[in-house]
Each structure stands twice: as structure tokens, then as C-alpha cells.
Amino acid sequence: YPKAVAGSTYLQKLFQGHFDAAGLAHTPTPFNGRSDYGPFLENGIPAGGMDTGAEVLKSVELRKVFGGLANAAFDPCYHQECDTFDNLNIPELHAIA
């Protein structure tokens, strides 16, 4: 999917540029098909975005970047009963939107 990959690289650079310019903490994440974008790439449609961590455990190193607790999920409510609108961090949502 050469066109999709090239377009996806461009989209990722746009997101990274926005986060850098806004002074928002971020780290690169693998673009490995784990998320919902796989079918887009398969159909030649570029995809891009930023990963919010979800259920991934935050390392000590990432705690230094993002704050919070190490060895705990970035979002302990990810796909859990508590994963509701009440769990949204509205200022963070505005920053990444």
C-alpha cells in the first residue's frame, strides 16, 4: 500500500508537529495495525492519529513524560464499565482534538 503508507507518514508528521508546537507531551508509537485503521490502509486510504495509551501499562520512563502512576494503565477504564463520558479528561480532549 505505498500511497497509503506515504500519506500516513505525512499525517503522522502533521500530528507530531501540532503536539510539538502546542507543547503537548507525546511519544512515538508503532504504526502496526493494532487499531481500527488497518482496513483503511488495505484499501489504499492513508490513516494517522495519536495513541492515548489505552490499557498499556505506563513505564517509569513514560511517567516522567506524562505524569501519573508507573506500572498502571494509561486509562484503567479502557473497555471497562467505567469507560463512560464521565471518565473523559475534557481539557486533554480539547488539547488533542
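Because the structure is a prediction, the values reported are computed rather than measured. (Residues numbered from 1 in each chain as written. Predicted model: local features only at pLDDT ≥ 70, side-chain atom pairs only at ≥ 80, totals over all residues. Heavy atoms only, no water.)

### A word on the environment of Asn71
The condition that has to hold: Runs of H or I in DSSP of at least four residues are treated as helices and runs of E of at least two as strands, each being numbered from the N terminus. Here's how the labels work: a residue is buried when its accessible area is under 20% of the maximum for its type, exposed when over 50%, partly exposed in between, all with a 1.4 Å probe on protein chains only. Pairs of residues are marked as contacts when any of their non-hydrogen atoms sit within 4.5 Å.
The topology assignment puts Asn71 in the loop between α3 (60-66) and α4 (90-96). In this structure Asn71 comes out as exposed when scored by relative accessible area, which is 62%. When the C-alpha positions of Asn71 and Val60 are compared, they lie 7.2 Å apart, and in sequence the two are 11 residues distant. Ignoring any residue separated from it by four or fewer positions in sequence, one finds Asn71 in contact with Leu57 and Lys58.

### Some remarks on the state of the cysteines
Spelled out, the test is: Only a pair of cysteine sulfur atoms within 2.5 Å counts as a disulfide in this structure description.
Summed over the entire model, instances satisfying the criterion amount to 1 disulfide. A sulfur-sulfur separation of 2.1 Å characterises the disulfide bridge that pairs Cys77 with Cys82. The sign of the S-S torsion, about -115°, decides the handedness of the disulfide formed by Cys77 and Cys82: left-handed. Cys77 gets classed as buried once you look at its relative accessible area, which sits at 11%. Residue class for Cys82 comes out partly exposed when judged on its relative accessible area of 37%.

### Examining the layout of surface pockets
Note the threshold: Cavities and pockets are defined on a 1 Å grid built over the protein atoms alone: a cavity is a set of grid points where a 1.4 Å probe fits but cannot escape, while a pocket is an open set with protein on both sides within 12 Å along at least five of seven lines, and lining residues are those with an atom within 4 Å of any such point. Grid points are joined across faces, edges and corners, and a volume is the space filled by probe spheres set on the points. Residue classes follow a fixed rule: Ala, Val, Leu, Ile, Met, Phe, Trp, Tyr, Cys and Pro count as nonpolar, while Asp, Glu, Lys and Arg count as charged, and any other residue, Gly among them, counts as polar.
As a volume, the largest pocket reaches approximately 1,800 Å³. Lining the largest pocket are 44 residues, and of these Met50, Asp51, Thr52, Gly53 and Ala54 sit closest to its centre. Going through the elements one at a time, α1 (2-22), α3 and α4 are the ones with two or more residues in the lining of the largest pocket. Among the elements that take part in the lining of the largest pocket, α1 stands out by supplying 4 residues, more than any other. Looking at the lining of the largest pocket residue by residue, the class counts come to 22 nonpolar, 15 polar and 7 charged.

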